[in-house]
Amino acid sequence: MKSHTIAPAECVFTRVGSGWTKRLLPLALAVLASPTCLLAQGVVPAADADKQTIQMLLQRIEKLEARVSQLEGTQGTTAKAQTVSAKIQEAPRPLSGPAASPAEEAATSTTAQAQSSDPEQEMEHLEPERMDMSKTLLRIRGFGDINFRGSNQKGSTNSFALGQLNLFVTSDISERFKFLSEIVFESGPDNFYNVPGGKRNEFGVDVERYLVQYSYNDYFNLAAGRYHTAIGFYNTAYHHSTWFQTTTGRPTLFEFEDSGGILPIHNVGLSASGRIPSGPLGLHYVAEIGNGRQSRSPLTEEPVQNEVDENNFKAVNLAMFARPESIRGLQIGFSGYHDKLMPIALPRIDETILAAHAVYMVPKFEWLNEVVLIRHALDGTSQVFNTPAFYTQIAKRFGSYQPYFRYQYINASDHEPIFPDVRRMEGPSLGLRYDASESVALKVQYDYNVARHQQNYSGLNLQLGFTF
Amino acid sequence: MIVAAAVLLLEVSSGSAAGGASAPPAVPDDTIAIIVNQSNTIDDLSLKDLRTVFLGERSHWPNGRRITLVMMDPGLSERRAVLRDVCRMSETEFSRHFLQGLFTGEVFVSPKTLSTSVGVRKFVFNVPGAIGYLRASDVDSTVKVIKVNGHRPEEADYPLRIEVRASK
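Residues numbered from 1 in each chain as written. Chains lettered and ligands numbered in written order. Predicted model: local features only at pLDDT ≥ 70, side-chain atom pairs only at ≥ 80, totals over all residues.

Caption draft 1: Local environment of the overall build of chain B. Per the secondary structure count, chain B includes five helices and six strands. Split into buried and exposed, the 168 residues of chain B put 38% on the buried side. Long-range pairs, those at least 24 residues apart, make up 67% of the contacts in chain B between residues at least 6 apart in sequence. (Helix = DSSP H or I, 4+ residues; strand = E, 2+ residues; numbered from the N terminus. Buried ≥ 20, exposed ≤ 12 C-beta atoms within 10 Å, placed from the backbone. Contact = placed C-beta atoms within 7 Å.)

Caption draft 2: Representation of the pairing of strand S1 (residues 138-151) of chain A within the structure. Residues and elements named next belong to chain A. As paired elements, S1 and strand S3 (residues 165-172) share six bridges and run antiparallel to each other. Within S3, the position partnered with isoleucine 140 by the bridge is valine 169. Where S1 lies against strand S19 (residues 457-467), nine bridges are found, and the strand directions are antiparallel. Residue glycine 150 lies in a different strand from S19, and its bridge partner there is leucine 460. Here S1 pairs with strand S2 (residues 159-162) via four bridges, running antiparallel. Bridge pairing in S2 links phenylalanine 148 to phenylalanine 160. (Pairing = 2+ DSSP bridges.)

Caption draft 3: Local environment of the nonpolar core. With 33 residues, the main nonpolar core has A:Ile231, A:Leu253, A:Leu263, A:Ile353 and A:Val372 as its most contacted residues. Broken down by secondary-structure element, the contributors of at least two residues to this core are helix H6 (234-238), strand S11 (315-322), strand S12 (330-341), strand S13 (349-362), strand S14 (365-378) and strand S15 (384-396) of chain A. The biggest single contributor to this core is S13(A), with four residues. Beyond its immediate chain neighbours, meaning those up to four positions away, A:Val372 contacts A:Gly232, A:Leu253, A:Ile353, A:Ala355 and A:Ala389. Counting 31 residues, the second largest nonpolar core, distinct from the first, contains B:Ile32, B:Ile35, B:Leu69 and B:Leu134. (Core = buried A, V, L, I, M, F, W, Y, C linked by C-beta atoms within 7 Å.)

Caption draft 4: Examining helix H4 (residues 91-104) of chain B more closely. For H4(B), spanning 14 residues, the distance from its first C-alpha to its last is 20 Å, which sits close to the expected 20 Å at 1.5 Å a residue. Along H4(B), the residues that are buried comprise B:Phe94, B:Phe98, B:Leu99, B:Leu102 and B:Phe103. For H4(B), the angular spread of the buried residues around the axis is 165°, confining them to a single face. Each element contacted by the buried residues of H4(B) is listed here: S3 of chain A together with helix H3 (77-87) of chain B. Positioned one or two residues after H4(B), B:Gly105 has a phi angle of 90°, which is positive. (Expected span 1.5 Å × (residues − 1). Arc of directions from axis to C-beta.)

Caption draft 5: Just the sheet that holds strand S2 (residues 44-45) of chain B, in detail. Residue and element names in this part refer to chain B. Here six strands make up an open sheet; going across it, the order is S2-S6-S1-S5-S3-S4 and the pairing mixed. A single partner strand is all that each edge strand has here, and the edge strands are S2 and strand S4 (112-114). Here strand S1 (residues 32-36) pairs with strand S5 (residues 130-135) via five bridges, running antiparallel. Residue isoleucine 35 lies in a different strand from S5, and its bridge partner there is glycine 132. Of the strands in this sheet, S1, strand S3 (68-72) and S5 touch H3, which is tilted by about 115° from S5. (Axes fitted to C-alpha atoms, helices over the stretch in contact; angles between N-to-C directions.)

Caption draft 6: Here's a closer look at unusual backbone geometry. All names here are of chain A. Phi is positive for arginine 423, close to 55°, though the residue is something other than glycine. Considering the arrangement of structural elements, one finds arginine 423 in the loop between strand S16 (401-411) and strand S17 (424-435). Positioned with a positive phi, histidine 453 is a non-glycine residue whose angle comes to about 65°. Here histidine 453 lies in the loop between strand S18 (440-451) and S19. Residue class for histidine 453 comes out exposed when judged on the 7 C-beta atoms lying within 10 Å of it.

Caption draft 7: A look at the environment of A:Ser187. All names here are of chain A. In this structure, serine 187 sits in strand S4 (residues 177-187). Note: C-alpha distance between serine 187 and leucine 165 (22 residues apart in sequence) is 9.3 Å. Discounting chain neighbours no more than four positions away, the residues touching serine 187 are Leu162, Asn201, Glu202 and Phe203.

Caption draft 8: Up close: the confidence of the model for chain B. Residue and element names in this part refer to chain B. When pLDDT is averaged along chain B, the result is 81; 80% of the residues meet or exceed 70. Long-range and interchain partners of residues 3-28, a stretch whose pLDDT sits below 50, account for 44 contacts in this model, where long-range means more than four residues apart. Per the prediction output, this complex has pTM 0.70; the corresponding ipTM is 0.73. (pLDDT = per-residue confidence, 0-100.)

Caption draft 9: Structural view of the packing of helix H2 (residues 47-54) of chain B against H3(B). All names here are of chain B. Closest axis-to-axis distance for the H2/H3 pair is 9 Å, and the angle between their directions is 120°. Put simply, H2 runs oblique to H3. Contacts between H2 and H3 involve Leu47, Leu50, Arg51 and Phe54 from the first element and Val82, Val86 and Cys87 from the second. When its residues are assigned to classes, the contact of H2 with H3 shows six nonpolar, no polar and one charged. (Parallel < 35°, antiparallel > 145°, perpendicular 65-115°, else oblique. Nonpolar A, V, L, I, M, F, W, Y, C, P; charged D, E, K, R; others polar.)

Caption draft 10: Spotlight on the pairing of S3(B). All names here are of chain B. Buried residues dominate S3, accounting for five of its five residues. Relative to S5, S3 runs parallel, the two being bridged by two bridges. Bridging across to S5, leucine 69 finds its partner in isoleucine 131. Across three bridges, the pairing between S3 and S4 is parallel. Bridge pairing links methionine 71 to threonine 113 in S4.

The structure is reproduced here in structure tokens:
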């Protein structure tokens, strides 16, 4: 227990105990003696000066001894307070509600004077709300982006564009349960495989993540609700925040379903995750089961099966990744996803998605590499469609500036039954991110796209991404 | 001068390593003590393990209690020392790390930030899974100090110290 009756300048003695006091006393005397001695030498003969100094030092020693005795007495009182405090700790205490401070309780048992005179104790009374761990608080963090983009693609116009306004809401329900959601407001029509839905320039609201998480220990966590499928790295690293991303947008491979993406980015079901005891290898696992993605073709409505699955088969996904202790920032992993799709006027389709990634991310440098193979096998036929895709992205930070480069590639068959519009597309992106503050990033990105059966086109995107 | 020399001799004979009487007084070499709740069975953590705890990469103690990290306000020397020696991150990098961890769901709970050593002690005293840090001189018996890399704060090889600046 800290002493509450001593002046700050004297604290050093009470803190270190009597043994230190004995050692510090001569040091203090030496410090005091040196300038005094030098001063005396200039006025009186050396022998007289020494006598006077010795006399003065003796007086000081007497004073200091008296002070030490006084402080030792104070320490005795403090020791009693500590005993009281220890007893308080041993007694059962409720976990809920603002608990009384041990300092307060101990001080109550010792002296009222100490309570009233100590500014630290006054400070304790000023922050009771921080000690209330029992209340379930709703925390909201926001992410947003505003863009200006232009392209020489046919039919496009240069436009200012509002990006997603993302409200990331969390709440600690209890020690082991937590709620997490992403509520996203976005303008513009949805786009499912080049089939636009909704009205242009109109805002819509999507609950992109909606999860109750249960944390049992480091090795087992369970989440129920709508989550981002653990396919690869990007999907679960950035979710719906453009501010977190180095670039202005996601790789085409990881585009959201309602932006024409080809992967089941979202899923509704259960997700278990945790560490695997593996020492310095740092292995982790993710196991998911959910409704999977709707497969009716063409899609003109919400592809994520939030409420009803189109069949009784459940999509399963298993992922494993390593974060070796020896190379901090490195993550290497793979995942396997399987679902049955039932498109209209087509046989049932067996969907398998294999993904692998190697990512190195440290504050000053990042290098992301991901490869995905999407395999669609039509039941009762020998037809199999493989769609390979990859991207690589590299960025280096120079102070607030972060130039980056990305190359991406997708190659889908012209006859691919689930996403016939994708075909082959590839191209580089070059950009610069500038962090204007801790929460605001300005980005400029140039993209060049080469697509099969389409004219090549390029685009420029200026983005203001922020968190609030 | 004679007195000063005598005091120096006395100091040396008492086994102190505090230096000569003519040396300028140094700022006390305060160490950072890692504190946990008294009920916590952990006695010792390596700096590496401490880092995983302070970066939210471990969410539970071996006894099953959820880890609740207590940080002091940005700008305080104790926090700077912990960010430098334990997290090895700047303030901005640390903030972003936790924000992203919470965003991805990998970090289960964000750190509590308190402005005073009294607040930190009080919090750690009250929350069984809490872990925080204080200047060693601010520690009292309401909390438990754990060893880091097998060393206690008063030992010479203890790795966590606030940067010492010699006074002029």
